[in-house]
Amino acid sequence: MESPQIMSSLGVSFPDENVDPKLKREKPWLLQYARAAFSAYGDTPFGSIGWRSRDKYEWVKTYALGRQSTDRYKKILTPDQDPTNNTLVVDWSVLPIIPKFRRIALSILEKQNYDIQIDPIDSFASQEISEKLKEIKVKIEMREGMKSLGMEDLAKVPLIAQQPGEPDDLDGLEVMELGMRHRTSMEAEQAVDLTFSQNNYQELRRQVLEDFFDYGVGCYKDYRDGNLVGVRRVDPRRLLLNYCTYPDFRDLRYIGEITETPVAQLIPMSNGELTEEDIKFLYMYANSNQWRQATPLGNAYYGSYSDFWNKGKVQVLDLEIYSTDELVREERIDKRGNVIFGKASFDDYNNKKEKYKRKQIQGGYRIKWFIGTDICFDYGRMYDMKRDPLNVARIKSSYHLTACDFYDMKTFSRMEAIIPYADAIQLAYARLQHELNTAIPKGFMIDFSALEEISLSGGGAKMTPSDILDLYFQRGVLVTRSTNMNGQQNRMRAVEELQGGVGSSIQEYWTLINNNLDMIRQTLGLNELTDGSTPNPKLLTTVANLAASGTNNALGDIFNSDRQISESLAESVVIRVQDIIKSGQGEDFQLSLGKGTVEFLKISPEISKYTYGITIVNKPTAEEKAKLDELMKVALQSGQITIDDVIRLNNIQNIKQGEMFLAYKVKKNIEKKQQEAQQQQEMNGQIQQQSAMVAEQTKQQTAQLQTELDIKLVQAKAEMEARLIQLRGELDLERERIAASGRVEASYVQAKERDVANMRDNKTKLLQNNLEDKIASINIAADLTSTVEPQTQGGMNLPINLDTFDFTPGKQQPGVNQQPKPQPQQEEQPSGLDMLQQSTM
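Residues numbered from 1 in each chain as written. Predicted model: local features only at pLDDT ≥ 70, side-chain atom pairs only at ≥ 80, totals over all residues. Heavy atoms only, no water.

### Observations concerning the overall build of the chain
Broken down by element type, the chain carries 25 helices and 17 strands. Taking as baseline every contact in the chain between residues at least 6 positions apart, the subset at least 24 positions apart corresponds to 72%. (Helix = DSSP H or I, 4+ residues; strand = E, 2+ residues; numbered from the N terminus. Contact = heavy atoms within 4.5 Å.)

### Some details on the sheet that holds strand β12 (residues 399–403)
Strand order in the open sheet formed by three strands is β3-β2-β12, and the pairing between neighbours is antiparallel. With partners counted over all chains shown, the strands left at the sheet margins are β3 (228–233) and β12, one partner each. Each adjacent strand pair in this sheet contributes to an overall mean axis angle of 20°, direction not counted. Sheet topology note: the strand β2 (residues 217–225)/β3 ladder contains six bridges and is antiparallel. For Tyr220, the partnering residue across the bridge sits in β3 and is Arg233. (Pairing = 2+ DSSP bridges. Axes fitted to C-alpha atoms, helices over the stretch in contact; angles between N-to-C directions.)

### Description of the packing of helix α8 (residues 185–198) against helix α19 (residues 556–582)
Axis separation between α8 and α19 bottoms out at 9 Å; the angle between their running directions is 105°. Classified by the angle their axes make, α8 and α19 are roughly perpendicular. Contacts between α8 and α19 involve Ala191, Val192, Thr195 and Phe196 on the former and, on the latter, Leu569, Ala570, Val573, Val574 and Val577. Its residues placed into classes, the contact of α8 with α19 shows eight nonpolar, one polar and no charged. (Parallel < 35°, antiparallel > 145°, perpendicular 65-115°, else oblique. Nonpolar A, V, L, I, M, F, W, Y, C, P; charged D, E, K, R; others polar.)

### So, the confidence of the model for the chain
Predicted confidence across the chain gives a mean pLDDT of 76, with 71% of residues reaching 70 or more. Here residues 595–601 is a poorly scored stretch, pLDDT under 50, and it has six contacts once near neighbours within four places are set aside; other chains count. Confidence drops under a pLDDT of 50 for residues 791–803, and excluding neighbours within four residues, the segment shows 19 contacts in the predicted structure. (pLDDT = per-residue confidence, 0-100.)

### Digging into the nonpolar core
Judged by nonpolar contacts, the single largest core of 58 residues is most densely connected at Tyr220 and Met415. The element that contributes the greatest number of residues to this core is α19, accounting for ten residues. One finds Ala40, Tyr254, Ile258 and Trp369 within the second-largest nonpolar core, a separate group that totals 22 residues. (Core = buried A, V, L, I, M, F, W, Y, C linked by side-chain atoms within 4.5 Å. Buried < 20%, exposed > 50% of the residue type's maximum accessible area, 1.4 Å probe, protein only.)

### Re a nonpolar patch on the surface
Where nonpolar side chains cluster on the molecular surface, the patch consists of Ile333, Val339 and Phe341 and spans about 360 Å² of accessible area. Along the chain, the position of Val339 falls in strand β7 (residues 339–343). (Patch = residues over 30% accessible without salt bridge, like charges linked within 9 Å, V, L, I, M, F, W, Y side chains within 5 Å. Areas by Shrake-Rupley, 256 points an atom, 1.4 Å probe, with all protein chains shown as cover. Salt bridge = Lys/Arg side-chain N within 4 Å of Asp/Glu carboxyl O.)

### Notes on the side chain of Asp214
Tracing the chain through its elements places Asp214 in helix α9 (residues 201–215). Asp214 sits in the buried class, given a relative accessible area of 0%. In this view, Asp214 contacts Val60, Lys61, Ala64, Arg102, Ser413 and Met415; residues no more than four positions away in its chain are not counted.

### Considerations on the pairing of strand β9 (residues 376–381)
Two strands pair when backbone bridges link them, and strand β8 (residues 356–370) and β9 are joined in this way by four bridges, in the antiparallel orientation. Within the sheet, the bridge partner assigned to Tyr365 lies in β9 and is Arg381. Counting the residues in the hairpin turn of β8 and β9 gives five residues, including Gly372, whose phi is positive at 90°.

### Re the pairing of strand β11 (residues 391–396)
Both strand β10 (residues 386–388) and β11 contribute to a ladder of three bridges, which runs antiparallel. Across the sheet, the residue bridging to Lys386 is Lys396, located in β11. Hairpin connection of β10 to β11: two residues between the antiparallel strands.

### Some points on the packing of aromatic side chains
Counting across every chain of the model gives 17 aromatic pairs. Ring centres of Phe38 and Trp369 lie 6.1 Å apart, and the angle between their planes is 75°; this geometry places the pair in the edge-to-face category. Taken together, the positions of Phe38 in helix α2 (residues 27–40) and Trp369 in strand β8 put the pair 331 residues apart, joining distant regions of the chain. The two residues Phe38 and Trp369 agree in class, both being buried. Measuring from centroid to centroid gives 5.3 Å for Trp59 and Tyr63, while their planes differ by 75°, and the two rings are edge-to-face. Here the residue Trp59 and the residue Tyr63 both occupy positions in helix α3 (residues 54–64), the gap between them amounting to four residues, near one helical turn. The exposure class of Tyr63 is buried, given its relative accessible area of 1%. A network of ring pairs unites the aromatic residues Phe14, Trp29, Tyr33, Tyr254 and Tyr365 as a single cluster. Residue placement shows Arg250 over the ring face of Tyr246; its charged tip is 4.4 Å from the ring centre. The lysine or arginine in question, Arg366, covers the ring of Tyr383, its NZ or CZ lying 3.8 Å from the ring centre. (Phe/Tyr/Trp six-rings, centres within 6.5 Å; stacked < 30°, edge-to-face > 60°. Lys NZ or Arg CZ within 6 Å of the ring centre and 35° of its normal.)

### As for the packing of helix α5 (residues 97–111) against α9
Where α5 meets α9, the closest approach of the two axes is 10 Å, and the angle between their N-to-C directions is 125°. With respect to α9, the element α5 is oriented oblique. In terms of crossing hand, the pair formed by α5 and α9 is right-handed. Residue-level contacts link Arg102, Ala105, Leu106, Leu109 and Glu110 of α5 to Arg205, Arg206, Leu209, Glu210, Phe213 and Asp214 of α9. Considered class by class, the residues forming the contact of α5 with α9 number five nonpolar, no polar and six charged. (Left-handed = near helix turned anticlockwise from the far one by under 90°.)

### Some details on the pattern of salt bridges
A complete count under the given rule lists 30 salt bridges for this structure. A salt bridge links Glu203 to Arg206, with the shortest nitrogen-to-oxygen separation between them at 2.5 Å. Linking Glu203 with Arg206, this pair stays in helix α9, spanning three residues, or about one helical turn. Residue classification places Glu203 among the partly exposed residues on the basis of a relative accessible area of 28%. Across the pair Asp222 and Arg576 runs a salt bridge, and its minimum N-O distance is 2.4 Å.

### Brief notes about the side chain of Thr44
As for its placement among the helices and strands, Thr44 is situated in the loop between α2 and α3. Since its relative accessible area comes to 11%, Thr44 is described here as buried. Polar side-chain contacts of Thr44 include one of 2.6 Å to the backbone oxygen of Tyr41. What Thr44 contacts, discounting residues up to four positions off in sequence, is Arg52 and Tyr243. (Polar contact = N/O pair within 3.5 Å; in protein donor to acceptor, adjacent residues only side chain to side chain.)

### Here we look at α2
With 14 residues, α2 extends 20 Å between its outermost C-alpha atoms, agreeing within 8% with the 20 Å of an ideal straight helix rising 1.5 Å per residue. Summarising burial for α2: eleven of the 14 residues are buried, a large majority. Regarding α2, the residues found buried are Trp29, Leu30, Leu31, Tyr33, Ala34, Arg35, Ala36, Ala37, Phe38, Ser39 and Ala40. Each element contacted by the buried residues of α2 is listed here: α1 (21–24), β4 (239–241), β5 (254–262), β6 (313–333), β8 and β9. (Expected span 1.5 Å × (residues − 1).)

### What about unusual backbone geometry?
Non-glycine residue Asn271 carries a positive phi angle of around 55°. Among the structural elements, Asn271 can be located in the loop between α10 (266–269) and α11 (276–284). When its relative accessible area of 72% is taken as the criterion, Asn271 is described as exposed. Even without glycine at this site, Asp384 takes up a positive phi of about 45°. For Asp384, the position within the fold is in the loop between β9 and β10. For Asp384, a relative accessible area of 38% gives the class partly exposed.

### Comments concerning the environment of Glu435
Relative to the assigned elements, Glu435 resides in helix α14 (residues 414–437). With 74 residues separating them along the chain, Glu435 and Tyr509 place their C-alpha atoms 9.3 Å apart. Ignoring any residue separated from it by four or fewer positions in sequence, one finds Glu435 in contact with Ser505, Ile506 and Tyr509.

Printed below as a string of C-alpha cells:
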C-alpha cells in the first residue's frame, strides 16, 4: 500500500471521458477529476457563484447582520487623524438599517403561499382519466334518458346509478372535469408533503430565501435516507461547480461541496475506508508550509496529535460527476438463426457485419477527496441515480440550484443592491455627529457703548458695566437708556441674545439619510404599507392591495426562483419515492401516511407506473378570495347554497373551479327548491283532496250514525213503553196477591189467636184442677210473626231507574223480567194448637 502524498491541484487537467465506463469507477480517474475541478474554480470570472465568491459572500453577510467593519468609514472621514483619538464622532456603531429591511423583505417572501400540484402526464394516465369521464357521461345520459321516458326505477339500477363523488348531471361533470385528478395524484402529493414535513422544509426554505436575498443563489440537496427521502440546504459559500451558460444549469457537468469536516468524524464518515495512519499523515503535514500552500484552510497550527484529533478540521470535496458513457451492445444472428443480444467490450468495434451498437447515456459518479492530498474515499458510481422519466439516458442531479439575475456565472443580489445606500447612510450619520459636536452654542451679544451710557448708583457708589451685567444674569433685570447724554435717541440694545449656530448642514445630512432610506425602499419595493411604518388610515382597500402587489412585483425574481427550486425538489422527491416503491421498500411511507390523515392513504405500487408533472399553483390572493367569499356569503344568506357547499368551496384552491362550482351549486339548489315547491304544491293538492273526501265521508258516516241512533231511540222508547205497560200489570197483580195473602194470613192469625185463647182456657182449667205440671209453654210472640212478603215476578227493584236503562232493542234491562231471588227457608214454628196437643199426649 502506497503512503499518502501531498499533491497540488494547480494546472491539473480533466481526465479523458471517452474511456471504458469501468475505468471511471476507479480511484485514478476520479481523483484526477476532483483535482481538476478544484483547480478550475479559479478559471471562472471573479464573483462567480459558489466557492469562487466565498470572500464576497462573507463580506455581504456582515452587512446583512449589521456587523460590517467601520474602518472604511473612519478612513474617509478622518484621513489625517487617528480615528481612535478623534472626538468629533462619538459613536461609530453601525445603524441597524439593513437588518430591519432585510427582515421585512424575508417575511414577505416567506408569506408567499403556493401549492405543489402533481399530476401524471403520460398517455396511459390521460387515457384512464378520459375513460373515467366518458363512463360518467354515459351514465348521466342514460339516467336522464330513463327519467325522460318515465322509467324512474330503471335509473336506480346499480350499473348506471350515481355513485358517491360523481355529479348528477352534465353541468356537474364540467365542474368535475376542471378539477379532475388521477387516482395516484394525491398519493404522490402526500409523499412529497411527508418528505417536506420530516425534513422541516419550512426552516430549510427560510434559509434558502435568505441565500436568495443575500447572495442571489440558493441550493438544496436530496438523498435517500434509509427507506425515506432526505433533504438539506446547501451553503452557497461551499459550492463548487463548472462554468454554466444557462440559468437553469442544464449544462452542469459536476457539482459538489467543500466542507470543513472535523477530524474525529473522518473514520466513521468513510465507513472504515480511512485508517488511523491516514489521520496521522494529515497531522504530520498539517503545520507544514506545503500543507498551507495546498489548502486554503491549512493555516491553523496544532501543537499535538490530540489537539488535531479533537479540534482539527480538514477540507473535504464531496463531488458528483455527470459524465457521458458509451455503452456497447452486440446484436447479431448466429448460424442457427437465433438472435444474439448482450453486452460487449468497450474496445469491440464494428466490422463489415456492423454487429456492435453503441449508445451514449449519462452516468453519475461520486468521490470524497481531501483537498491537497491523494487521499479519497467513498468513490465509484453514484448511489440511487435518478433518471429523467422523459429521457432515461439523462441523470437528474441531487443538487437543486437556482440563481436570480443570472449572467456569466454571476448574480446580483438584493443585499448587494442596497449596500451602497447603507454606506451612504452610515457616512451621513457620522458627519451629522461631527456637525453636532462642532456646532456653535447659544450666546449673547453685548454692546459695551450702550452699557457706558447707563449711570446708576448703588449704596452711594456708581455701578460699572460689569455690575450691570451681573444684575442682568443674576436677577434678569437689565437697566438701559433710550437716549444718550446729548438727548439723542439710542437705537442700540445693551444685551442681545444669539441663537445656536448649528447651521443648515445638519438638516442637509438628515435629508440625505432619509433620501437613502427611500432608495432602499424603492430597491426592495417596500412602501408605508409593507415596510413596518405607520400607514395612512384613510387609504382604501384597493390602494392597499396595489401597494402590496407592488412589493411582490419588486421581489418577483426571488419569488420565481423559490418556485423553480421547489418544483425541481418535488420532482426529485417523487422519482426517489418511485424508486423506493419499485425496490419493495415502501413500508415506511405507508406507515407514516396512515397516521393523522382523514382518510387512510397508502402509497400503492401503481405510483411507480406513471410519469408525473410538477406544477406550482398559486393560492388565491386575498382580493380574489374576498370576492369569492362575498359571493358565497350572499348565496348562503339567500339560501342558494348550504353549509355543506361552503365547506367544499373552502377546500377548492382554484378560483376558477370555485366560481364554476358556486354557479353550479346555486343553479342546482334553485332547481331543487323549484322541484320541492312543485312537489309541495302537488302534495298540498292531494292533501286538500283527501281532506275533502274524508270530510264528505265523515259527514255521510255522521248522518248514517244519526239515523241509526234515531231508529234505536224509537225502538227503545217503544220497548220501554211496552215494558212499562207490562210492569204496571204485574204491579196490579202483585197488589192483588198481597191483598189476598194478607187476608189469608189474617184468618190464620185469628185462628191462632183462637187456639191461644183456648189454650188459656185449658190452662185455667188445669190450674183449677191442680194439674200445673201438665201445662205446656206457649210462645205467642213467635206464633204471631207474619210470613207474608210482598213479592212480584219482577222482583223488588221498582220503580225502574231510567238513567241506567239501556234503550238497545232486545237488551236485557236490569231489574226487568228477572227471576226473583231465592229466599232462605225459615224453620216452621209449631202452632199453639200443635203444642197443646203435644202437651196433652
